[in-house]
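What the coordinates show
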Amino acid sequence: MNPTALMIMLLSLAIGTTMTLLSHHWLLAWIGLEINTLAIIPLMTKTPHPRAIEAATKYFLTQASASALILFSATMNAWKTGEWSITILSDPYTITLSMALMMKLGLAPLHFWLPEVIQGIPLSTGLILSTWQKIAPMTLLLQISHLTDLKLLITMGLTSILIGGWGGINQTQLRKVMAFSSIGHLGWMVLILKFNPQLTLFNFLLYLTMTAAMFFSLMSISSTKISEISSSWPKSPILVTTMMLVLLSLAGLPPLTGFSPKLLIILELAKQNTLPLASVTMLASLLALFFYLRLTYVMILTLPPHIPPSSTHWRTTKNSPLTAAMTTLALLIFPLSPTFLLII
């Protein structure tokens, strides 16, 4: 892609998200979401492949439907209450706005577009779609968290955790695995949204860090299939080892970063006297743990750990400082969790 066009698109992404973050007015928030949607579509189609065109079309139709529902609900709410403020909502429109924002995020059962879209686009665009594009809808959801329906959030959260686990088990494509991982993590965030929005924000920040670290690592070794990462050890043993640890962090195993939000969410659910919900959530997360462990097994345990004697070009990988920084954060934040919670 032309560097000037690329810069314009990335700048538009930044402007759209910033506009939504700074707005108190539904129309301004909607405009920011629309700028975001339109700016990422050229990035999806920078490789003119039929699958990329199909992914961009699916993404546009889904996001346009969700945006239309947001605009309709906000307009009807303004007609009823006389206010365009994000934090002032009347009863029926709170549910429609919540559903539209969850559709933009890709929460189950409104998740069908997400795996197909991420599978059809390059890893770099998949990184943007899995991290940056989630910021604006999640911020709006956090702002209306005190008005949302608790039963709706619990249903959507549990469904997303289950679908995220079931969907990822049988996949051979790494981008689809990351898509179902995203659905599962968003389910954890929505589940606790009404009880403790600060914990949702904390979980979201750690999700962004871990997902970015995983995508940067996959981009470094140019792998999109499980069969490709199974032979990555000879190319870069250290990078593959850290990738394995990032996967275990995404799974939520102690003492890695990903354990922190899961522990705090289960404790919060127990504090709210919802022990059956906490139990079901922990059991559902075992599904996701299975496919993360399957990936780590394929990466590390199916080939003997040997370093090749020659240093031919195809064996070397380009590791950026950003990959190292994100991987470090994705593995070692757990001891700093109380500090981050105080800041939030």
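Residues numbered from 1 in each chain as written. Predicted model: local features only at pLDDT ≥ 70, side-chain atom pairs only at ≥ 80, totals over all residues. Heavy atoms only, no water.

If you look the protein up in an unreviewed UniProt entry, it shows as NADH-ubiquinone oxidoreductase chain 2 from Nanorana sichuanensis. Quoted verbatim from the Function (unreviewed entry) field of UniProt, the annotation for the protein is "Core subunit of the mitochondrial membrane respiratory chain NADH dehydrogenase (Complex I) which catalyzes electron transfer from NADH through the respiratory chain, using ubiquinone as an electron acceptor. Essential for the catalytic activity and assembly of complex I." Of the comments in the UniProt record for the protein, the one headed Sequence similarities (unreviewed entry) reads "Belongs to the complex I subunit 2 family." (UniProt positions renumbered as here; feature names shortened; annotations may be inferred.)

What about the packing of helix H4 (residues 91-105) against helix H7 (residues 132-143)?
Think of two packed helices as two axes; the pair is described by the angle between the axes and how far apart they sit. At their nearest, the axes of H4 and H7 sit 9 Å apart, and the two run at 155 degrees to each other. By the angle between their axes, H4 is roughly antiparallel relative to H7. Along this stretch, H4 crosses H7, giving a crossing that reads as left-handed. In this structure, H4 contributes Ser98, Leu101, Met102, Lys104 and Leu105 to the contact, and H7 contributes Lys134, Pro137, Met138, Leu140 and Leu141. In terms of residue class, the contact of H4 with H7 is built from seven nonpolar, one polar and two charged. (Axes fitted to C-alpha atoms, helices over the stretch in contact; angles between N-to-C directions. Helix = DSSP H or I, 4+ residues; strand = E, 2+ residues; numbered from the N terminus. Parallel < 35°, antiparallel > 145°, perpendicular 65-115°, else oblique. Left-handed = near helix turned anticlockwise from the far one by under 90°. Contact = heavy atoms within 4.5 Å. Nonpolar A, V, L, I, M, F, W, Y, C, P; charged D, E, K, R; others polar.)

What about the domain arrangement of the protein?
The domain architecture assigned to the protein consists of domain 1 (1-126) and domain 2 (149-343). Summarising the inter-unit geometry, the C-alpha centres of domain 1 and domain 2 are found 24 Å apart. Every contact between the two is made by 21 residues of domain 1 and, on the other side, 22 residues of domain 2. Where domain 1 abuts domain 2, roughly 1900 Å² becomes buried across the two surfaces, and 79% of that area is made up of carbon and sulfur atoms. The largest share of the area that domain 1 buries against domain 2 comes from Leu107, Gln119 and Leu123, three residues that together contribute 35% of it. (Domains from an automatic or database assignment. Buried area = accessible area lost by both parts, 1.4 Å probe.)

Thoughts on the packing of helix H2 (residues 26-44) against helix H3 (residues 50-81)
For the pair H2 and H3, interaxial distance at closest approach is 10 Å and the crossing angle is 175 degrees. On the basis of their axis angle, the class for H2 and H3 is roughly antiparallel. Two secondary-structure elements touch here, H2 through Trp26, Leu27, Trp30, Leu33, Glu34, Thr37, Leu38, Ile40, Ile41 and Met44 and H3 through Ala52, Ala56, Tyr59, Phe60, Gln63, Ser67, Ile70, Leu71 and Ala74. Residues that form the contact of H2 with H3 fall into these classes: 15 nonpolar, three polar and one charged.

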